[in-house]
Amino acid sequence: MKAVAVTAFGEQPQLMELSEPDPGPGEVLVRMSAAGVNPLDWKIADGLLKDSAKHSFPLVLGSDGAGEVVAVGTGVRRFTVGDSVFGLFQRPERGSGSYGELAVAEEKALAGAARNVTYAVSAAVPTAGTSAYNLVEETRIGEGRRILIVGGTGGVGTFATQLAAGRGAEVIVTARPGLTDLMRDLGATETVDHTLGPVADQVLAAHPDGVDVLLDLVSGPVAFGEMTRTVRDGGTAVSTVGSADADVLTEHNLRGFNFQNRPSPQLLEILAGQLDAGRLTAIVGEEATLETAPEALETSRTGHAQGKTVITF
């Protein structure tokens, strides 16, 4: 089968011809129709998890994906051949990922795919969608609360905007002028153009009393510290890239933490249901092929992707 993989940490991803994987106990083999691209993919290729998990090479990249079950291992009860599924496929110890024509996943990492959207849309959801849902849950976002999302036009940001707005929150997002209409369509009440000046200054000029929750999806530690000026006394500030210092936040009477996602099949089912009901939209910014996947992955590395990049097979 064709797959995009690396032969060692730090190597450039490339298209390879590899042996087809077989599902082991509790595993499902899926013929992939689409794979979602995430920043985590290139981080794994660079060795992010080398000290916490065994890796086999060649290592097929990619976590998110969607497709049709073609075989199941012993003990699998929830899926049978022919089922449409989506979920998380990265198995470093197996050298398996979603950037291949066939991929193996644990049964507990999959759910039935949404029926009213394409596989490409489903493949855009697992990591970003579950992250956004858990962010909204853990920060207790609801009606009457004002939220600032920094980095709001990416995968997690577009989902978080919709989910927060759906709970009645007032959502402010950072977005370039060309994306203002899109973000308002997704539920944002206000956008801030970071090219016009410091975001914190702009937000405080419009809202001197600040925001209740800061979800910062992109800033380093210094920039994150600057963004926390927007959070009112007793509010919450969260970083998804490890920039939060809990002690410093406590000194400023803020609750805060570095977010770690906890996906589950139950949460995937919830998101599939929302996709089918039209309450959630996945913004696919770019579609790539396996041949162009290495270039798409590099775009993800630079942080310039808008919405989700999806590889279609």
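Along each chain, numbering runs from 1 in the same order as the chain's sequence is written. Where local features are concerned, this predicted model is filtered to residues with pLDDT of at least 70; where side-chain atom pairs are given and counted, the filter is 80 or more; whole-chain, interface and lining totals use all residues. Based on all heavy atoms of the structure, the side-chain values leave hydrogens and waters out of the count.

*Asks:* What should I look at first to understand the environment of threonine 292 in this one?
*Replies:* Mapping threonine 292 onto the fold places it in the loop between β15 (284–288) and α10 (293–302). The cut-offs for exposure are 20% and 50% of the maximum accessible area for each residue type, with area from a 1.4 Å probe on protein chains only; residues under the lower value are buried, those over the upper are exposed, and the others partly exposed. Taking relative accessible area as the criterion, threonine 292 reaches 37% and is therefore assigned partly exposed. Once the C-alpha coordinates of threonine 292 and leucine 110 are considered, the two residues, 182 residues apart in sequence, prove to be 26 Å apart. Strands are runs of DSSP state E lasting at least two residues, helices are runs of H or I lasting at least four, and both sets are numbered from the N terminus onward.

*Asks:* Any chance you could explain the nonpolar core here in plain terms?
*Replies:* A general feature of soluble globular proteins is that nonpolar side chains tend to end up buried together. Each nonpolar core is a collection of buried residues, namely Ala, Val, Leu, Ile, Met, Phe, Trp, Tyr and Cys, held together in the definition by side-chain atoms within 4.5 Å. Ranked by internal contacts, the top residues of the largest apolar core, which has 45 residues, are Phe86, Val125, Ile141, Ile147, Ile149, Phe159 and Leu215. For this core, the secondary-structure elements that each account for two or more residues are α2 (119–123), α3 (126–138), β9 (146–150), α4 (155–166), β10 (170–174), β12 (211–216) and α9 (265–277). Ignoring any residue separated from it by four or fewer positions in sequence, one finds phenylalanine 86 in contact with Gly65, Ala66, Ala109, Leu110, Ala111, Gly112, Ala113, Ser122, Val125, Pro126, Leu268 and Ala272. Contact between two residues is taken to exist if any of their heavy atoms lie within 4.5 Å; hydrogens are not considered.

*Asks:* Could you clarify how one ought to interpret the sheet that holds strand β4 (residues 59–60) in this entry?
*Replies:* Sheet strands associate in pairs through backbone hydrogen bonding, adopting either a parallel or an antiparallel arrangement. At least two DSSP bridges between two strands are required for those strands to pair. Spatially, the three strands line up as an open sheet ordered β2-β1-β4, and their pairing is antiparallel. Of all strands in the sheet, those with a lone pairing partner are β2 (14–17) and β4, marking the two edges.

*Asks:* What exactly am I supposed to notice about the side chain of glutamate 190 here?
*Replies:* By the element assignment, glutamate 190 lies in strand β11 (residues 190–192). Among buried charged residues, glutamate 190 stands out as having no salt bridge; its nearest opposite-charge side chain is arginine 146, 6.5 Å away. Once residues within four sequence positions are removed from consideration, glutamate 190 is found in contact with Val171, Ile172, Val173, Arg184, Ala206 and His207. Neither His nor the chain termini are counted; the positive set is Lys and Arg, and the negative set is Asp and Glu. Salt bridges are counted wherever a side-chain nitrogen of Lys or Arg sits within 4 Å of a carboxyl oxygen of Asp or Glu.

*Asks:* Which parts of the structure should I look at to understand unusual backbone geometry?
*Replies:* A negative phi angle characterises most non-glycine residues, just as the trans form characterises most peptide bonds. The omega torsion of the bond from phenylalanine 57 to proline 58 falls at 0°, within 30 degrees of zero and hence cis. Following the sequence through the fold, proline 58 ends up in the loop between α1 (39–45) and β4. Unusually for a residue other than glycine, arginine 140 sits at a positive phi of about 55°. On the accessibility criterion, arginine 140 (58% relative accessible area) is exposed.

*Asks:* How do you make sense of α9 when you look at a structure like this?
*Replies:* Residues that lie three or four places apart on an α-helix share one face, since the helix turns once every 3.6 residues. Take the number of residues in a helix, subtract one, and multiply by 1.5 Å to get its expected span. Counted at 1.5 Å a residue, the expected span for α9 with its 13 residues is 18 Å, and the 18 Å between its end C-alpha atoms agrees. The set of residues buried in α9 consists of Pro265, Leu267, Leu268, Leu271, Ala272, Gln274 and Leu275. Contacts from the buried residues of α9 go to β6 (84–88), β8 (110–112), α2, α3 and α4.

*Asks:* Which parts of the structure should I look at to understand a negative patch on the surface?
*Replies:* Surface patches are drawn from residues lacking salt bridges whose relative accessible area is over 30%; two like charges belong together within 9 Å, two nonpolar side chains (Val, Leu, Ile, Met, Phe, Trp, Tyr) within 5 Å. Here, Shrake-Rupley sampling with a 1.4 Å probe gives the accessible areas, and only protein chains in the shown set may cover a residue. By convention, charge coordinates are those of NZ in Lys, CZ in Arg, CG in Asp, or CD in Glu. Together, Glu17, Glu20, Asp22 and Glu101 make up a negatively charged patch on the protein surface. Mapped onto the elements, glutamate 20 comes out in the loop between β2 and β3 (27–37).

*Asks:* Just checking my understanding: could you explain the side chain of serine 96 for this structure?
*Replies:* Position of serine 96 relative to the elements: it lies in the loop between β6 and β7 (102–106). Assessed through its relative accessible area of 8%, serine 96 is described here as buried. Under the rule applied, a polar contact is a pair of N or O atoms within 3.5 Å (in protein, one hydrogen donor and one hydrogen acceptor; residues adjacent in sequence only if both atoms are side-chain atoms). A distance of 3.4 Å separates a polar atom in the side chain of serine 96 from the backbone nitrogen of valine 104. Apart from the residues lying within four places of it in its own chain, the contact partners of serine 96 are Val60, Phe89, Gln90, Arg91, Ala103 and Val104.

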